[in-house]
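Each chain, written out:
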Amino acid sequence: MTGIPKLLMIVGGVILVVGFLMQFIKIGKLPGDIVIKKENTTFYFPLMTSILLSVILSVVFYIIGRFK
């Protein structure tokens, strides 16, 4: 297998693993995430979660690229 099918299988596997791990790791409620609560409105911006996921995905794709 080469090209697109291989990439889709790898991406699907990564999504599956991340989804499974999210059941045990309460990602999304990290220190550094911004929560603003007003009278009847809540604004949630997962800043630290976004940075952490970006770093993890960068490392995963770097490792995948090394074996290509």
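Thresholds applied
Residues numbered from 1 in each chain as written. Predicted model: local features only at pLDDT ≥ 70, side-chain atom pairs only at ≥ 80, totals over all residues. Heavy atoms only, no water. Helix = DSSP H or I, 4+ residues; strand = E, 2+ residues; numbered from the N terminus. Rg over C-alpha atoms; globule rule 2.2 N^0.38 Å. Contact = heavy atoms within 4.5 Å. Phe/Tyr/Trp six-rings, centres within 6.5 Å; stacked < 30°, edge-to-face > 60°. pLDDT = per-residue confidence, 0-100. Buried < 20%, exposed > 50% of the residue type's maximum accessible area, 1.4 Å probe, protein only. Polar contact = N/O pair within 3.5 Å; in protein donor to acceptor, adjacent residues only side chain to side chain. Patch = residues over 30% accessible without salt bridge, like charges linked within 9 Å, V, L, I, M, F, W, Y side chains within 5 Å. Areas by Shrake-Rupley, 256 points an atom, 1.4 Å probe, with all protein chains shown as cover. Salt bridge = Lys/Arg side-chain N within 4 Å of Asp/Glu carboxyl O.

1. A few points about the overall build of the chain
Along the backbone of the chain there are two helices and two strands. Overall, the chain shows an N-to-C arrangement of helices and strands of α-β-β-α. Over its C-alpha atoms the chain spans a radius of gyration of 16 Å, topping by over 25% the 11 Å that the globule rule assigns to 68 residues. If one aligns the C-alpha atoms of the chain with their principal axes, the spans along those axes are about 55 × 20 × 20 Å. For the chain, the proportion of contacts with a sequence separation of at least 24, taken over those separated by at least 6, is 16%.

2. Some remarks on the packing of aromatic side chains
Going through the model one piece at a time under the given rule, you end up with one aromatic pair. Taken together, a centroid distance of 5.2 Å and an interplanar angle of 75° make the contact between Phe20 and Phe24 edge-to-face.

3. Remarks on the confidence of the model for the chain
When the pLDDT values of the chain are averaged, the result is 85; 96% of them are 70 or greater. Averaged over each element, pLDDT in the chain is lowest for helix H1 (residues 4-21) (86) and highest for strand E1 (residues 34-37) (91).

4. Focus on the side chain of Thr49
The residue Thr49 is located in helix H2 (residues 47-66) in this model. For Thr49, a relative accessible area of 7% corresponds to the buried category. Within the structure, Thr49 has its side chain in polar contact with the side chain of Asp33 (distance 3.0 Å).

5. Some remarks on a nonpolar patch on the surface
Where nonpolar side chains cluster on the molecular surface, the patch consists of Ile34, Ile36, Phe43, Phe45, Leu47, Met48, Ile51, Val55, Val59, Tyr62, Ile63 and Phe67 and spans about 1100 Å² of accessible area. Where the nonpolar patch is concerned, the elements lending two or more residues are E1, strand E2 (42-45) and H2. For the nonpolar patch, the element with the highest residue contribution is H2, accounting for seven residues. Relative accessible area serves as the criterion here: at 36%, Met48 is assigned to the partly exposed category.

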